[in-house]
Amino acid sequence: MIEFKNITKVFHTKSKDTKALDDVSLHVKKGTIFGVIGYSGAGKSTLIRMANLLEKPTKGQVFLNGKELTKMSRGDLNIARQKMGMIFQSFNLLKTGTVYENIAIPLKLTGVPKKEIKERVNKYLEIVGLLDKTNAYPAQLSGGQKQRVAIARALAHEPEVLLCDEATSALDPDTTESILALLSKINSELGITILLITHEMNVVQSICHEVAVMENGRIVEQGKVIDLFSQPKTETAKRFVQSIFNDKIPEELVENLKNSGQIVTLSFIGQSSGKPALAMVTKQFDIFPSILSGNIAQLKDEPYGRLVVHLEGSASEAEKAMNYLTELGVIVEKYQNRGESHVG
Amino acid sequence: MLASITAFFDNWSLEIWEAVIQTFQMVGIALAISILIGLPLGVLLTLSGPGKALENKVLNHGLNLIINVIRSIPFIILLFFILPFTKMIAGTTIGVGGAIVPLVVYTAPYIARLMESSLLEVDRGVIEAYEAMGIKTRHIIWHVLIRESRSSIILGLTISTIGLIGATAMAGLVGAGGLGDLAYRYGHLRYEVDVMYVTVFILIILVQGIQTFGNRLSARLKKD
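Residues numbered from 1 in each chain as written. Chains lettered and ligands numbered in written order. Predicted model: local features only at pLDDT ≥ 70, side-chain atom pairs only at ≥ 80, totals over all residues.

(A) Structural detail: the sheet that holds strand S14 (residues 331-334) of chain A. All names here are of chain A. Within the open sheet, the four strands sit side by side as S12-S13-S11-S14. Their pairing is antiparallel. What marks the edges here is a single partner per strand, and that holds for strand S12 (288-298) and S14. Averaged over all neighbouring strand pairs, the angle between strand axes comes to 20°, with direction disregarded. Running over the sheet, helix H12 (residues 315-327) touches strand S11 (261-269), strand S13 (303-312) and S14 and is turned about 5° from S11. (Pairing = 2+ DSSP bridges. Helix = DSSP H or I, 4+ residues; strand = E, 2+ residues; numbered from the N terminus. Axes fitted to C-alpha atoms, helices over the stretch in contact; angles between N-to-C directions. Contact = placed C-beta atoms within 7 Å.)

(B) A look at the pairing of S12(A). Residues and elements named next belong to chain A. Bridge count for S12 against S13 is ten bridges, and the pairing is antiparallel. Bridge pairing links Gly294 to Leu307 in S13. Here S12 hands over to S13 after four residues, the two strands then running antiparallel side by side.

(C) How the structure looks around the domain arrangement of chain A. Residue and element names in this part refer to chain A. Domain boundaries assigned for chain A yield domain 1 (2-242) and domain 2 (247-334). Averaged C-alpha coordinates put domain 1 and domain 2 at centres separated by 39 Å. Contact with domain 1, which involves nine residues of that partner, is made by eight residues of domain 2. With four residues, the single largest contributor to the side of domain 1 that touches domain 2 is helix H8 (residues 225-230). Of the residues in the side of domain 1 that touches domain 2, the class split is five nonpolar, four polar and no charged. (Domains from an automatic or database assignment. Nonpolar A, V, L, I, M, F, W, Y, C, P; charged D, E, K, R; others polar.)

(D) Representation of unusual backbone geometry in the model. With phi around 55°, Asn92(A) is a residue other than glycine that occupies positive phi space. Its place among the elements puts Asn92(A) in the loop between strand S6 (84-88) and helix H3 (99-109). The buried category is assigned to Asn92(A), around which 24 C-beta atoms lie within 10 Å. In this structure, Tyr191(B) takes a positive phi of about 55° despite not being glycine. When you line up the elements, Tyr191(B) lands in the loop between helix H9 (179-189) and helix H10 (193-221). (Buried ≥ 20, exposed ≤ 12 C-beta atoms within 10 Å, placed from the backbone.)

(E) Inspection of helix H1 (residues 44-51) of chain A at higher detail. Residue and element names in this part refer to chain A. In terms of burial, H1 is largely enclosed, as eight of its eight residues are buried. For H1, the full list of buried residues reads Lys44, Ser45, Thr46, Leu47, Ile48, Arg49, Met50 and Ala51. Following H1 by one or two positions, Leu53 adopts a phi angle in the positive range, close to 60°.

(F) Examining the interface of chain A and chain B more closely. Taken together, the contacts link 20 residues of chain A with 21 residues of chain B. Residue assignment for the side of chain A that touches chain B shows that the elements contributing at least two residues are helix H2 (74-81), S6 and H3 of chain A. In the side of chain A that touches chain B, the residues fall into ten nonpolar, eight polar and two charged.

(G) Expanded view of the packing of helix H1 (residues 2-47) of chain B against H10(B). Residue and element names in this part refer to chain B. Running from N to C, H1 and H10 cross one another at 45°; their axes reach a closest spacing of 11 Å. Relative to H10, H1 is oriented oblique. Crossing handedness for the pair H1 and H10: right-handed. Facing H1, whose interface residues are Phe8, Trp12, Ile16, Ala19 and Val20, H10 presents Asp194, Val195, Val198, Thr199 and Ile202. Residue composition of the contact of H1 with H10, by class: eight nonpolar, one polar and one charged. (Parallel < 35°, antiparallel > 145°, perpendicular 65-115°, else oblique. Left-handed = near helix turned anticlockwise from the far one by under 90°.)

Now the structure itself:
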């Protein structure tokens, strides 16, 4: 659907050149919700603006449905852009227009017939749940409502892709959740592909199918969300996972417990989160497990849980228990304080 | 007392009425033409700036230079300085017709400047949102830039209109008449102080009225 090929973007300023994107390649498949996560300055904002060429790459190509956007004339690009809706952190609505006008004016300007405009405005206002605010001005709406208007405005063009530039970053947690639910619904019911960027791991956790982690203008890790949660490879990814699963155990305690057994991390994915695995371990082996920390999170498609457990007992019994757990489908790892030196 | 007031109006009402009409004519025509020139000029000035949709260094610097030069010249000097130009455009250098050209030359760059500052207030993000929807620049200018800054533009035009009324007083020097001219010729030069007081009073009411109207209209157009 959207494909970035070897994108490099250099910003020239008087004092120096900054490489915002460094040879980034990414493929967003049709129908998925693809998240790009990174700290500020990682280049994710520049990346999403490449998708509709609000920012032009210094090097590299951008494709939409196999057509190269980076080669298009201004007019063709405008037509292609109409297939890509975009929403922003700051909503970007017309302050001087009502909710109706905010959706209708862009439709009029892109040549949608008059009769159809009214139908579309009503249809999409209903989808975002704001039919009762048709004649309100943005100043009379809450942040979440403004974002809903922005979403309706984007959807009214009946796009194939929705680009979300930190769409929930200015919203409170409850509102964030409702907007995320709406995005998820748009994806599943209207079949719209979503590319979003965020610095919040809970956004990735709750709605994304796939995720890419960015750092210093590069994609350092990429894959299914569950893989990022269960087996983060890079330091940055680990820190993001830790923002959801804070399973840091005090160093002193770790040292103490090491004398009487092993500390392991157990990850449960999907079905395996349902079984009483630890109870079975106590029954079958000469092991006394005690839970030091535990978390469970609902990812988009499946639950994912993680326990930090102290297995008290002999090394050989612990070994057997760990093998047994692995057979049950639990991911067993030696415990280490994740990203310790960075978490402040 | 009453008799003297009646006598005053018997003597002067015709002159004052004529002066009011002349002032309205000059302000109205000059303002209309100045908006027609100043608004697009302001848009061009804004959009040719660095990082904007029609970025063009030469055009931007050129416009800035011209506007600054014209704005540096006091109106009374400008009035005489551009006489040949006035003759060429209006065919005359006297009367209301001869005053319009210098008034426009004086006001249009001022409006362009005020327009620029209004347009620069428009949130960059909204413009970007419209670009992202594949909307043409000329549509964005009207439906986003000017629409979103309309309240601020009205305030700017109110200021320019009042400035224009001040300038028309000097246009009397080329025989264009008007309230300012009346106050100057009769009130100052011929010591008819009553005439001066009355015209000044009318000017105060006029300026107050325009400012109040501008403020109200601007507030009504503002939706945030």
